Amino acid sequence: ITTARSRNMSNLASAVFAGAVGAAAAHYFLSAGARKRPRLEPVSTSHASPAAGHYSQAVKNGGEVFVSGLLPIMPDGTKLSGNTFEAQATQVLRNLEAILHEAGSGLDRLIQVRVYITDVKNWGLFNEMYANKLGAHRPARCVVPVPELHFGLLLEVEAVAAL
C-alpha cells in the first residue's frame, strides 16, 4: 500500500509540476506573441519582374528579406522564353539584385539562395555566372533540377537576405 500510495503521490506531483510549467510556458508564449507580432512589410519595385499572382516580390520581416521565386521576366513583363540560358540567368540575377536593393539589402547580404533549373547541364554555367556576380560572398545555396517551369522558362531563383 505504501509503494502504491507513494507512486500515486509521485504521479500527482509530476502532473501538478507539468501543469504549472505548461501554464507558465503558455502564458509566456501567448503574451510574447501579443506583444511582438511580426511586422511583415511587402517589397515592390518596378525595376524587376512584376508579381503576376497573389504574392509580393519580397517581404521584409525581423531583419531579413524573403524574395519570392523570380523567373527570367523583364520589368515590363516580357518573358524571356526561347532565349539562351545565359540571357535568362542574367535577367533573374538582375531581378534579384533590384528587389534586394529596394528592400535595403544587396547581393552581399544574401543568406540562402534556391535555384530551380530545367536542365542540370546548365548548372556549371549558372555557377560561373553566380560566382562572378557575388564575388567572394558565398551564401548557402541549393540548385534543384526540375522537369519544367512556367512559360517554358529555364530557371527560377528565390532567396533570403539580411537587411
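Conventions adopted
- Counting restarts for each chain, with residues numbered from 1 along the sequence as it is written.
- Two thresholds apply to this predicted model, a pLDDT of at least 70 for residue-level local features and 80 or more for giving and counting side-chain atom pairs, whereas whole-chain, interface and lining totals are computed over all residues.
- Only hydrogens and water are set aside when side-chain values are computed; all heavy atoms of the structure are taken into account.
- Counting from the N terminus, the helices are DSSP H or I runs at least four residues long and the strands are E runs at least two residues long.
- Only protein chains enter the accessibility calculation, which uses a 1.4 Å probe; a residue is then buried when its area is under 20% of its type maximum, exposed when over 50%, and partly exposed in between.
- Whether two residues are in contact is decided by their heavy atoms, any of which lying within 4.5 Å being enough.
- Here, Shrake-Rupley sampling with a 1.4 Å probe gives the accessible areas, and only protein chains in the shown set may cover a residue.
- The predictor attaches a confidence to each residue, and that confidence, scored 0 to 100, is pLDDT.
- Polar contact is defined as a pair of N or O atoms within 3.5 Å, subject to the rule that within protein one atom must be able to donate a hydrogen and the other to accept it, and that residues adjacent in sequence are counted only when both atoms are side-chain atoms.
- For this analysis, a ring pair means two rings from Phe, Tyr or Trp (six-membered ring only for Trp) whose centres lie within 6.5 Å, classed as stacked if their planes differ by under 30 degrees, edge-to-face if by over 60, and tilted for the remaining angles.
- Criterion for a charge above a ring: Lys NZ or Arg CZ within 6 Å of the ring centre, and within 35 degrees of the ring normal.
- Salt-bridge detection follows one rule: a side-chain nitrogen of Lys or Arg within 4 Å of a carboxyl oxygen of Asp or Glu.
- We define a nonpolar core as any set of buried Ala, Val, Leu, Ile, Met, Phe, Trp, Tyr and Cys residues linked to one another through side-chain atoms lying within 4.5 Å.
- Helix span, expected: 1.5 Å multiplied by one less than the number of residues in the helix.
- Regarding the arc, it is the one traced by the directions from the helix axis to the C-beta atoms.

Colleague: Any chance you could explain the overall build of the chain here in plain terms?
Modeller: When its secondary structure is counted, the chain shows 3 helices and 6 strands. Reading the secondary structure of the chain in the N-to-C direction produces α-β-β-β-α-β-α-β-β. When the 163 residues of the chain are sorted by exposure, 31% land in the buried category. The contacts in the chain between residues at least 6 apart in sequence include a share of 70% that link residues at least 24 apart. Of the roughly 10,100 Å² that the chain leaves accessible, carbon and sulfur atoms contribute 57%.

Colleague: When you look at the confidence of the model for the chain in this model, what are you seeing that I'm missing?
Modeller: A low pLDDT score tells you not to read the predicted coordinates there in detail. Residues at a pLDDT of 70 or more form 78% of the chain, whose mean pLDDT is 87. Counting interchain partners and residues more than four positions distant, the pLDDT-below-50 stretch residues 12–18 has 0 contacts.

Colleague: Looking at this structure, how should I read the environment of Asn 61?
Modeller: With respect to the helices and strands, Asn 61 occurs in strand S2 (residues 58–61). On the accessibility criterion, Asn 61 (24% relative accessible area) is partly exposed. Along the sequence, Asn 61 and Leu 163 sit 102 residues apart, while their C-alpha atoms lie 9.2 Å from each other. A distance of 3.4 Å separates a polar side-chain atom of Asn 61 from the backbone nitrogen of Arg 39.

Colleague: Where do I start with the environment of Thr 78 in this structure?
Modeller: One can find Thr 78 in the loop between strand S3 (64–70) and helix H2 (85–103). Here the alpha-carbon distance between Thr 78 and Ser 49, two residues 29 residues apart in the chain, equals 8.5 Å. Leave out the neighbours within four places in its chain, and Thr 78 touches Pro 72 and Ile 73. Of the polar contacts made by the side chain of Thr 78, one reaches the side chain of Asp 76; its length is 2.7 Å.

Colleague: Help me out: how do you make sense of the packing of aromatic side chains in this one?
Modeller: Applying the stated criterion to the full structure yields 1 aromatic pair. Taking NZ or CZ as reference, Lys 79 lies 4.6 Å from the ring centre of Phe 151, over its face. Over the face of the ring belonging to Tyr 130 we find Arg 141, whose NZ or CZ atom lies 4.7 Å from the ring centre.

Colleague: Explain the pattern of salt bridges here, please?
Modeller: One side chain can pair with another of opposite charge once the charged atoms of both are near each other. In the structure shown here, the tally under the stated rule is 4 salt bridges. Residue Arg 114 pairs with Glu 158 through a salt bridge whose shortest N-O separation is 3.3 Å. Taken together, the positions of Arg 114 in strand S4 (residues 110–117) and Glu 158 in strand S6 (residues 155–162) put the pair 44 residues apart, joining distant regions of the chain. Overlapping salt bridges bring together Arg 39, Glu 41 and Lys 60 as one network.

Colleague: Honestly, the nonpolar core in this entry has me stumped. Any pointers?
Modeller: With 29 residues, the main nonpolar core has Val 67, Leu 96, Leu 110 and Phe 126 as its most contacted residues. Mapped by element, the contributors of at least two residues to this core are S3, H2, S4, helix H3 (123–134) and S6. If one sorts the elements of this core by residue count, H2 sits on top with 9 residues. Once residues lying within four places of it in the same chain are set aside, the contact partners of Leu 110 are Leu 96, Leu 100, Leu 134, His 137, Pro 139, Ala 159, Val 160 and Ala 161.

Colleague: What am I meant to see in H3 here?
Modeller: Helical periodicity: at 3.6 residues per turn, an α-helix aligns residues three or four positions apart in one direction. Its 12 residues place the ends of H3 16 Å apart at the C-alpha level, agreeing with the 16 Å of an ideal helix rising 1.5 Å per residue. Among the residues making up H3, those that are buried are Phe 126, Met 129, Tyr 130 and Leu 134. One side of H3 carries all its buried residues, which in axial view fall inside an arc of 120°. Turned more than 90 degrees away from the buried face of H3 sit Glu 128 and Asn 132, all of them exposed. Its buried side turned inward, H3 meets H2, S4, strand S5 (140–145) and S6. The first or second residue beyond H3 is Gly 135, which carries a positive phi of 65°.

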